[in-house]
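Next come the chains, spelled out residue by residue.
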Amino acid sequence: MHERLARIRIANQPSHLALLAGRIRSDGRIVASDGELHENVPDGLLYLNTRVGWPRLLRGLNAGVVIIDRSTFSSPSILDRALAWAHEHRARHVIVVAEIGDESTIEQTKSALDQQPCVWPWTAEMIADCHATVGTPEDTSSLSANELRGAPRHFSVVRPSSTNIEDISARIRVALGNAARLQLEFPPSLQTARRLFYGLVQLTGHVETYNLHAALDHRTSALSSLRHRIESERDPRVEAGWSTYYMTRWTDLRLDLLDLYRLMEQDNPKLLGVALAIEWLRDKHSTAPICIRVPSEAAGMALADDMADLVPEWPIDGESITWRPWSERLEWNADERFEILPASPPPSRAGLLWSVEASQQMLVLYDFELASVTRRVEHSNELSIERLNHCCDRLGLGSLPPLTASASIDEVIEFDPGSREKPVVDLEVDLDVMFFDPEDDTGASSEYSAVGGDPVTVIPVVLEPDGSRWLIRHDAQVETLKAQKVVYLAVDSVKPGMTVVVPQGDGREELFARLVTATHQSQDLQAFDVLFVRWRNACRTAYRDAGSWEALGRRMQAEGCLVTSQSPRTWATGAVIGPEDPEDIRRIGKLACDPLVETQYRRIDAAVRQVRSLHMKLGSLLNAAMTDAMSGGGVNLDKLKDLLGGIDPSELLDEFELRVVRAIDEPEEAPGHLVRRVVAP
């Protein structure tokens, strides 16, 4: 935090000194900019990382102004806890930074504060005035707060043609809308129905390809597994409040979902829509880089595979054309850079429609998605002007000058413009009912699964001293301290009395993974990551061609490989960086028909060995560095800082604590969103 503030200079002075900045630790003490520990920093700026939990400030210190960056939170529940923390510390003022279009945050803040907040949305004219006063923001800023470059947004839309999909989707939307009007919590079967519908609508590639990649990523549910659940739910048991709905509507909804799945299996018009969007941008803007936004890593990798087959001259190669998950933020950009949104984003990601990370956006939307986005954009424009007028009155700033719309849809491109009529939209149906807001688990451990709360088999690890329970997937590993080193053990091998490394607050990642991620931000290791991405993609391609991991294992053994059939799976997921035998890299390249991997296998092996060595050094330092961090500094913390390329690890280490295991409970079912969380006894 101090390093980030030091890069911001006010009157040519680093802001971390001018603001007397301090970081709140998990024990409530404060780390000042000089690294010293304090119990209080008078009139200073305090920074709290939600991963360390919600500590009580010492000696009755209250908060004057609390600034909450909602745009970086992975879940609305974190905002609830942040607002509660501000209330507990008697904050005189609370400022919530959110994205334009994020209406849920406004309602959430209003409910928590029990009053109507003063909402100040940015507009093109206001930003232009700021630019004239303080200058244009740097293009290299890592901040991304919607339209802070000042230009109105202009969208172009590709509208795929599919009458059958539109007709079935209309019936499904009506059924989901009727369910939402009951204002009851959706039963599991109806939650699955909504997720399957949403997953099919936002899918940009072939269903089969997506299912293969989703099977590799425990954070994502394969559409085939959702379909299987719907297929088996002929007569689900529901509470009394849902009985009439299920008697009259469930059978038709279920059959429509299965029909939609079959249609999408045969042909997905959005794949061609994305290709058409790329072609349109290439024809108009030559070689400007293109970023395709997708909801998950599995969706991005599947799209890359399918586009390589459909239009090999425009590969999604990570250079001229890339994909990024919805949650990932890029730097501001003054040059031409284009973005394709192949689905209407959910309400929590509405800020993508006002992003400053691209100079122009193209949307690939069905008719009903286009109607939803149009309504959302127009509504946001109206609310911005209304809220600004309210703020001016409330703050005594006078009247507003005339304002223009901050976003508009200017061009709609159709596959066959002559065959389409203007879409008829049922205004009685809430088009946003198809959306749900899964937690943003992009950075979560790969063993975290169950987007949206699917039940997961966990083994509770009971911790000292309060008997709290740490819920770990039954097939996962945990970090333990053994012989002064961090050792991974299967959760069913953990014994009472052992010391484990437990994430605090809202974190769920492993400490080692967090350190490795921080280390990989250096440019040297980012270059290695380019090779690793190609290597892992080759593993997935070889798996897809073989049809199963067992079949791939047999093919590898026929080439002279000595590892088991599960080894390529661990290489593909990144659980293991790479094989011990460099020849196995060449064999994968050969089976995947990837000439780069096959010919550059020695180079990839050298990168694997260097990064593996770095990981081993990190592991040997963790225990001693954590002890140093708690005492405010030490030689081991300095060594770890050097190993991380100068990154201060103390803030990161504060996200974790060492706990002693009291007992290991029997396996049980738990909601997916609780995996790797510590819950009260």
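We now turn to the structure provided with this report. The shown structure was predicted, so the numbers you read here are calculated from the model rather than taken from an experiment. (Residues numbered from 1 in each chain as written. Predicted model: local features only at pLDDT ≥ 70, side-chain atom pairs only at ≥ 80, totals over all residues. Heavy atoms only, no water.)

### Let's talk about the overall build of the chain
The number of helices and strands found in the chain is 22 helices and 22 strands. A burial count over the chain gives 50% of its 681 residues as buried. Partitioning the intrachain contacts of the chain with sequence separation of at least 6 by distance along the chain shows that 73% fall at a separation of at least 24. (Helix = DSSP H or I, 4+ residues; strand = E, 2+ residues; numbered from the N terminus. Buried < 20%, exposed > 50% of the residue type's maximum accessible area, 1.4 Å probe, protein only. Contact = heavy atoms within 4.5 Å.)

### Looking at the side chain of threonine 322
Within the element layout of this structure, threonine 322 appears in strand E11 (residues 321-325). The contact partners of threonine 322, leaving out residues within four places of it in the chain, are Ile290, Cys291, Ile292 and Ile316.

### With respect to the packing of aromatic side chains
Taken as a whole and assessed by the stated rule, the structure comprises 9 aromatic pairs. Aromatic side chains tyrosine 366 and phenylalanine 368 sit 6.0 Å apart centroid to centroid with 20 degrees between the ring planes, which places their arrangement in the stacked category. Side by side, tyrosine 366 and phenylalanine 368 carry an identical accessibility label, which is buried. Grouping aromatic residues by their ring pairs yields a cluster made of Phe186, Trp242, Tyr245, Tyr246 and Trp250. (Phe/Tyr/Trp six-rings, centres within 6.5 Å; stacked < 30°, edge-to-face > 60°.)

### Observations concerning unusual backbone geometry
The linkage connecting glutamate 464 with the following residue, proline 465, adopts the cis geometry, with an omega of 0 degrees. Among the secondary structure elements, proline 465 is positioned in the loop between strand E15 (455-463) and strand E16 (469-473). With a phi angle near 55 degrees, arginine 90 is a residue other than glycine that sits in the positive phi range. The residue arginine 90 is located in the loop between helix H3 (76-88) and strand E8 (93-97) in this model. Even without glycine at this site, glutamine 183 takes up a positive phi of about 55 degrees. Note on placement: glutamine 183 falls in the loop between helix H6 (163-180) and helix H7 (188-202).

### Observations regarding helix H4 (residues 103-113)
Along H4, the residues classified as buried are Thr105, Ile106, Gln108 and Thr109. One side of H4 holds all its buried residues, which, seen down the axis, span an arc of 165 degrees. Of the surrounding secondary structure, the elements contacted by the buried residues of H4 are H3, E8 and helix H13 (367-395). One or two residues past the end of H4 sits aspartate 114, with phi positive at roughly 60 degrees. (Arc of directions from axis to C-beta.)

### Overview of the nonpolar core
Counting 59 residues, the largest nonpolar core has Leu190, Leu253, Ile292, Met307 and Ile340 as the members making the most contacts within it. Among the elements that take part in this core, helix H10 (residues 243-266) stands out by supplying 9 residues, more than any other. Those residues within four positions of leucine 253 in sequence are excluded, and the remaining contacts are Ile172, Ala175, Leu176, Leu190, Ala193 and Tyr245. Counting 24 residues, the second largest nonpolar core, distinct from the first, contains Ala538, Cys539, Met556 and Val608. (Core = buried A, V, L, I, M, F, W, Y, C linked by side-chain atoms within 4.5 Å.)

### A short note on the pattern of salt bridges
Evaluation of the coordinates by the stated rule reveals 18 salt bridges. The salt bridge involving arginine 469 is made with aspartate 665; its shortest N-O contact spans 3.5 Å. Of this pair, arginine 469 sits in strand E16 while aspartate 665 is found in the loop between strand E20 (656-664) and strand E21 (668-671), placing the two residues 196 residues apart along the sequence. According to the relative accessible area criterion, aspartate 665 is partly exposed, its value standing at 27%. Among the ionic contacts, a cluster of salt bridges with common partners joins Asp466, Glu657 and Arg659. (Salt bridge = Lys/Arg side-chain N within 4 Å of Asp/Glu carboxyl O.)

### Focus on the sheet that holds strand E3 (residues 22-24)
The mixed open sheet is built from 4 strands, whose spatial order is E5-E4-E3-E6. Single-partner strands in this sheet number two, and they are strand E5 (37-38) and strand E6 (46-47). (Pairing = 2+ DSSP bridges.)

### Side note on a nonpolar patch on the surface
On the surface, Val65, Ile67, Ile95 and Val97 cluster together into a nonpolar patch covering about 340 Å² of accessible area. Broken down by secondary-structure element, the contributors of at least two residues to the nonpolar patch are strand E7 (65-69) and E8. Relative to the helices and strands, isoleucine 67 is located in strand E7. (Patch = residues over 30% accessible without salt bridge, like charges linked within 9 Å, V, L, I, M, F, W, Y side chains within 5 Å. Areas by Shrake-Rupley, 256 points an atom, 1.4 Å probe, with all protein chains shown as cover.)

### A short note on the pairing of strand E10 (residues 290-294)
On any regular strand, side chains alternate: one points to one face of the sheet, the next to the other face. E10 sits mainly inside the fold: 5 of its 5 residues count as buried. For the handedness criterion, the β-α-β arrangement of E10, helix H12 (residues 297-310) and E11 is classed as right-handed. (Right-handed = clockwise from strand over helix to strand, strands pointing away.)

### Digging into the environment of serine 71
For serine 71, the position within the fold is in the loop between E7 and H3. Residues serine 71 and serine 348, 277 residues apart in the sequence, show an inter-C-alpha distance of 9.4 Å. Among all residues touching serine 71, those that are not within four sequence positions of it are Val97 and Glu99.

### Observations concerning H6
Within an α-helix, residues lying three or four positions from one another point in the same direction, as the helix has 3.6 residues per turn. Between its first and last C-alpha, H6 extends 26 Å over 18 residues, near the 26 Å set by a 1.5 Å rise per residue. Taken together, the buried positions of H6 are Ile165, Glu166, Ile168, Ser169, Ile172, Arg173, Ala175, Leu176, Gly177, Asn178 and Ala179. (Expected span 1.5 Å × (residues − 1).)

### A closer look at the side chain of serine 296
You can see serine 296 is positioned in the loop between E10 and H12. Setting aside residues no more than four positions away along its own chain, serine 296 makes contact with Tyr210, Thr220 and Trp323.

### Here we look at the packing of H3 against H4
In a packed pair of helices, the relevant descriptors are the angle between the two axes and the axis-to-axis distance. At a minimum axis separation of 10 Å, H3 and H4 run at an interaxial angle of 30 degrees. What the angle tells us is that H3 and H4 run roughly parallel. Our pair here, H3 against H4, has a crossing hand that is right-handed. Between H3, through Pro76, Leu79, Asp80 and Leu83, and H4, the contact on the second element is made entirely by Thr105, Gln108, Thr109 and Ala112. Taken together, the residues of the contact of H3 with H4 sort by class into 4 nonpolar, 3 polar and 1 charged. (Axes fitted to C-alpha atoms, helices over the stretch in contact; angles between N-to-C directions. Parallel < 35°, antiparallel > 145°, perpendicular 65-115°, else oblique. Left-handed = near helix turned anticlockwise from the far one by under 90°. Nonpolar A, V, L, I, M, F, W, Y, C, P; charged D, E, K, R; others polar.)

### So, the packing of H6 against H7
Put simply, H6 and H7 touch, their axes get as near as 11 Å, and they point 145 degrees apart. Remark: the crossing between H6 and H7 carries left-handed chirality. Contacts from Ser169, Ile172, Arg173, Leu176 and Ala179 in H6 reach Leu190, Arg194 and Phe197 in H7.

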